[in-house]
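# Geometric and topological summary
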Amino acid sequence: MDNGSAETKGAMNTALTRSLIELEQHVARDGWDQGPRLFALADTAALIKAEPRLAAALAPETVEMAGLAPLRTYTSIEQEGFPGGRALDEALSGIGWPETVDGAALVVERVMLPPDAEADLPAESDGVNVDAWAAAHPQRQEVRIAVGVLRDGSRDCALRLRSRDTDDEVLSGPGLVPNLEDALAQTLQD
C-alpha cells in the first residue's frame, strides 16, 4: 500500500471512530436495555451537496465541519423497525444498501465475559441456556457496542461498560467484536 492510500484510510478511520462514539452517546441518552439499532452512514458533505435543505436539520457544527472539509464526517441515519422481530444474524443477512450509503453502523447491548470465564462456558449439548448462564455469571460485564464498517473496508467499534456509564469512559478500537463487524460488512457487499 502506498503512503497516500494509508493516509486516506487513516483519515476515514478517524472519521468513523468519531461517528461511532457520537452515535453511541446519542443512543446512550435513551438509557440501557434497548434493542439493536441499525444506521446507514452517509458522508455529510456529499449528503448536504445532494440535499441542501438537510443542512438546517443537521447540528450546526456538523455542517460547519462538512463545509470546511479537511475533516470527513458521517451522518447517521437510523433504519426504523430493525430487526423487526427477527434474530440479529437473520435480520442482518437480509440487509442491502444502495451505493449512496458509505457505510453502516449497528448499536447493540451484550453481556461480555473475561477470557478465563469463557473456558467454563457450557456446551450447547449440555442443554444449558448459554445466554442465561452468561447473564448470571459473577464476572459478566454489560456493554453497549457501536460497530461500524465502511465500503473501503474500514472498521471500528465504540464500547461502553454499564458499570462505567459516562461519556468519557467510552472505549474505541477496531476488532473488538470481529464477528459482528464481519456480519455488518456483508450488508455492504453487492
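One can find the structure itself at the top, above this paragraph.
My aim in this report is to walk through the structure given alongside it, one point at a time. (Residues numbered from 1 in each chain as written. Predicted model: local features only at pLDDT ≥ 70, side-chain atom pairs only at ≥ 80, totals over all residues. Heavy atoms only, no water.)

Turning next to the side chain of arginine 160. For arginine 160, the position within the fold is in strand S5 (residues 155-161). At a separation of 2.7 Å, a polar atom in the side chain of arginine 160 contacts the side chain of glutamate 24. A distance of 2.6 Å separates a polar atom in the side chain of arginine 160 from a polar atom in the side chain of aspartate 167. In this structure, arginine 160 is in contact with Glu24, Gln25, Ala28, Trp32, Glu142, Val143, Arg144, Asp165, Thr166, Asp167 and Val170, ignoring residues within four places of it in sequence. (Helix = DSSP H or I, 4+ residues; strand = E, 2+ residues; numbered from the N terminus. Polar contact = N/O pair within 3.5 Å; in protein donor to acceptor, adjacent residues only side chain to side chain. Contact = heavy atoms within 4.5 Å.)

Our focus in this paragraph is the nonpolar core. Within the largest apolar cluster, 23 residues are counted, with the highest numbers of intra-cluster contacts made by Leu92, Leu106, Val147, Leu180 and Leu184. Mapped by element, the contributors of at least two residues to this core are strand S1 (37-43), helix H4 (88-93), strand S3 (103-112), strand S4 (141-150), S5 and helix H7 (178-186). Residues within four places of valine 147 in sequence aside, it is in contact with Leu20, Ala104, Ala105, Leu106, Asp156, Cys157, Val177, Leu180, Glu181 and Leu184. Of all hydrophobic cores here, the second largest spans 14 residues; its members include Val27, Val107, Leu150 and Val170. (Core = buried A, V, L, I, M, F, W, Y, C linked by side-chain atoms within 4.5 Å. Buried < 20%, exposed > 50% of the residue type's maximum accessible area, 1.4 Å probe, protein only.)

The subject of this paragraph is the pattern of salt bridges. According to the stated counting rule, one finds 12 salt bridges in the structure shown. Across the salt bridge formed by glutamate 142 and arginine 162, the nearest N and O atoms sit 2.9 Å from each other. With glutamate 142 in strand S4 and arginine 162 in the loop between S5 and strand S6 (171-172), this residue pair connects regions lying 20 residues apart in the sequence. Classification of glutamate 142 by relative accessible area gives partly exposed; the value is 31%. What emerges from the salt-bridge pattern is a single network uniting Glu24, Glu109, Arg144, Arg160, Asp165 and Asp167. (Salt bridge = Lys/Arg side-chain N within 4 Å of Asp/Glu carboxyl O.)

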